[in-house]
Amino acid sequence: MCGRWGKNSTVCRAMKICHFSTSSGTPALGVVEGDEVVDLSAAEIPAEPAAALAEGGQARIEKLADGAPRLALSEARLLSPATPRKYLAIALNYEEHIAELGLEAPEVPTFFNKQVTCVVGPGAEVHMPRVSTFLDYEAELALVIGSRCRHVPVERAHEVIAGYTCANDLSVRDWQGKAKTMTIGKSFDTHGPLGPWLVTADELGDPHDLRIRGYLNDELRQDASTGEMVFDCFQQVSHLSEAFTLEPGDVIATGTPSGVAIGRDPIRDHLLKVGDAFRVEIEGIGELVNTIVEEPEGFVSGA
């Protein structure tokens, strides 16, 4: 790497890259083209999208995809498009969301960690915790870091982003409220869905001009534009990189708009329930759908 923040950062062009499970259960890299997935499971390349981009860039992925076998997208079991070492999320980043909570906008970005054992993919079941039923949803745009970097200038932050995906920052509100930090209420196992794939920057266009919506079953709960962020994606990357090194695959969830259950009255009537499906839709990316189930007995993440 040249420089402190990575002048040789991978520049991504138009591509939708997925992480999926093969018929044998092995994670693999894929390229989504229409209603098909180009299967790169036989190629010598990392299965995780950000790692694949960091290792060889889009040009190598395109070369490997040429003539590779394909399968129907409907037959592919998609996994989370990122397996982060750090999952960072910003609080209070849409003005109407701040207003619905009766709070004031922060002067600097306010971040918390979601523990990485919360991460699941599209279609994965999300657990209603045994210790709480105050489960809330938060539709968000997430960005995935593509280059190891530090002290990234705002005007060049786009160069260290591998791409973008949908996120649901599920929140156990009573646990969140009892703690002095938000981490524990935001980090329950399965409460960090990401997907359906990673959309590279040139495919997506301006990340600050996207419609973002959240549906509880078929009821529209959240509807906004990413242009309403208080701190935009590039400001967030730059701010975090002033404190610590960001690495390929790290996830930054960029905040949720208004319409969450905790901002409605009565709160209890608007929370997620077992059997509900929550859908995050972001223009230019796609949709992330997860269904709520009872936490299984003896569940351990990754087991």
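Values in this document were obtained by computation on a predicted structure and should not be read as measured data. (Residues numbered from 1 in each chain as written. Predicted model: local features only at pLDDT ≥ 70, side-chain atom pairs only at ≥ 80, totals over all residues. Heavy atoms only, no water.)

1. Comments concerning the overall build of the chain
Scanning the chain from N- to C-terminus turns up seven helices and 19 strands. Relative to the 2.2 N^0.38 estimate, which gives 19 Å for 303 residues, the radius of gyration of the chain is 18 Å and therefore close to what a compact globule would have. Dimensions of the chain, computed from the C-alpha atoms along their principal axes, are close to 55 × 45 × 30 Å. Residues counted as buried form 53% of the 303 residues belonging to the chain. For the chain, contacts bridging at least 24 residues in sequence account for 75% of all contacts bridging at least 6. By element, 49% of the accessible surface of the chain is carried by carbon and sulfur atoms, the whole surface being about 13,000 Å². In the chain, 26 positive and 45 negative side-chain charges are present, and the distance between their average locations comes to 5 Å. (Helix = DSSP H or I, 4+ residues; strand = E, 2+ residues; numbered from the N terminus. Rg over C-alpha atoms; globule rule 2.2 N^0.38 Å. Buried < 20%, exposed > 50% of the residue type's maximum accessible area, 1.4 Å probe, protein only. Contact = heavy atoms within 4.5 Å. Areas by Shrake-Rupley, 256 points an atom, 1.4 Å probe, with all protein chains shown as cover. Lys, Arg positive; Asp, Glu negative; His and termini not counted. Charge placed at Lys NZ, Arg CZ, Asp CG, Glu CD.)

2. Considerations on the layout of surface pockets
Within this model, the largest pocket holds a volume of roughly 480 Å³. As for the largest pocket, its lining consists of 22 residues, of which Leu79, Val119, Val120, Gly121 and Ala124 are closest to the centre. At the level of elements, strand S5 (77–78) and strand S8 (119–120) are the ones that each hand at least two residues to the lining of the largest pocket. For the lining of the largest pocket, the residue count by class is twelve nonpolar, eight polar and two charged. (1 Å grid on protein atoms, 1.4 Å probe; cavity = no way out; pocket = protein on both sides within 12 Å on 5 of 7 lines; lining within 4 Å. Points joined across faces, edges and corners; volume = space filled by probe spheres on them. Nonpolar A, V, L, I, M, F, W, Y, C, P; charged D, E, K, R; others polar.)

3. Comments concerning the pattern of salt bridges
The tally for this structure, following the rule as stated, stands at 22 salt bridges. The partner of Glu33 in a salt bridge is Arg70, with the nearest N and O atoms 2.7 Å apart. Taken together, the residues Glu33 in strand S2 (residues 27–33) and Arg70 in strand S4 (residues 70–72) connect sequence positions 37 residues apart. Looking at Glu33, the relative accessible area reads 37%, which means it is partly exposed. A salt bridge links Arg173 to Glu138; the shortest N-O distance between them is 2.8 Å. With Arg173 in helix H3 (residues 173–178) and Glu138 in the loop between strand S10 (135–136) and strand S11 (139–145), the pair connects residues that are 35 residues apart, well separated along the chain. (Salt bridge = Lys/Arg side-chain N within 4 Å of Asp/Glu carboxyl O.)

4. Topic: the confidence of the model for the chain
Summary statistics for the chain give a mean pLDDT of 94 and a share of 95% for residues scoring 70 or more. Confidence over residues 1–13 falls short of pLDDT 50; this stretch has 38 contacts with residues more than four positions distant or in other chains. (pLDDT = per-residue confidence, 0-100.)

5. Observations concerning the nonpolar core
Ranked by internal contacts, the top residues of the largest apolar core, which has 52 residues, are Tyr164 and Val237. Dropping the residues within four chain positions of it, Tyr164 is found in contact with Leu141, Ala142, Leu143, Trp197, Leu198, Val199, Ala201, Leu204, Pro207, Cys233, Phe234 and Ile285. Counting 28 residues, the second largest nonpolar core, distinct from the first, contains Val31, Ala91, Ala142 and Ala162. (Core = buried A, V, L, I, M, F, W, Y, C linked by side-chain atoms within 4.5 Å.)

6. So, helix H6 (residues 233–243)
Looking only at H6, the buried set comprises Cys233, Phe234, Gln236, Val237, Ser238, Leu240 and Ser241. Along its buried surface, H6 packs onto strand S6 (87–91), strand S7 (110–114), S11, strand S12 (161–168) and strand S17 (251–253). One side-chain oxygen at the N-terminal end of H6 lies 3.0 Å from the backbone nitrogen of Phe234; it belongs to Asp232. (Polar contact = N/O pair within 3.5 Å; in protein donor to acceptor, adjacent residues only side chain to side chain.)

7. What to know about the sheet that holds strand S18 (residues 277–282)
Sheet architecture is open: five strands sit in the order S9-S19-S18-S15-S16, paired in mixed fashion. Of all the strands in the sheet, the pair left with one neighbour each is strand S9 (125–128) and strand S16 (219–225). Each strand of the sheet is rotated relative to its neighbour by a mean of 20°, with strand direction disregarded. (Pairing = 2+ DSSP bridges. Axes fitted to C-alpha atoms, helices over the stretch in contact; angles between N-to-C directions.)

8. Considerations on the packing of aromatic side chains
Throughout the structure, instances matching the rule amount to two aromatic pairs. A centroid spacing of 4.6 Å and a plane angle of 20° characterise the contact between Tyr137 and Phe278, whose relative ring orientation is stacked. Of this pair, Tyr137 sits in the loop between S10 and S11 while Phe278 sits in strand S18; the two residues are 141 residues apart in sequence, bridging distant segments of the chain. On the accessibility criterion, Tyr137 (0% relative accessible area) is buried. Overall, Phe278 belongs to the buried group, its relative accessible area being 1%. Between the aromatic rings of Trp175 and Phe188, the centroid separation amounts to 5.2 Å while the plane-to-plane angle is 90°, which identifies the pairing as edge-to-face. Here Trp175, found in helix H3, pairs with Phe188, found in the loop between helix H4 (183–186) and strand S14 (192–199); they are 13 residues apart in sequence, far enough to count as distant. When the ring centre of Tyr87 is taken as origin, the NZ or CZ atom of Lys114, which lies over that ring, is 5.8 Å away. (Phe/Tyr/Trp six-rings, centres within 6.5 Å; stacked < 30°, edge-to-face > 60°. Lys NZ or Arg CZ within 6 Å of the ring centre and 35° of its normal.)

9. Examining the state of the cysteines
Scanning the entire structure with this criterion turns up zero disulfides. Here Cys18 is not disulfide-linked; the sulfur of Cys166 is the nearest cysteine sulfur, at 14 Å. Cysteine Cys166 remains unbridged, with the sulfur of Cys233 as its closest cysteine sulfur at 13 Å. Of the residues examined, Cys166 reaches a relative accessible area of 0% and is grouped as buried. (Disulfide = S-S within 2.5 Å.)

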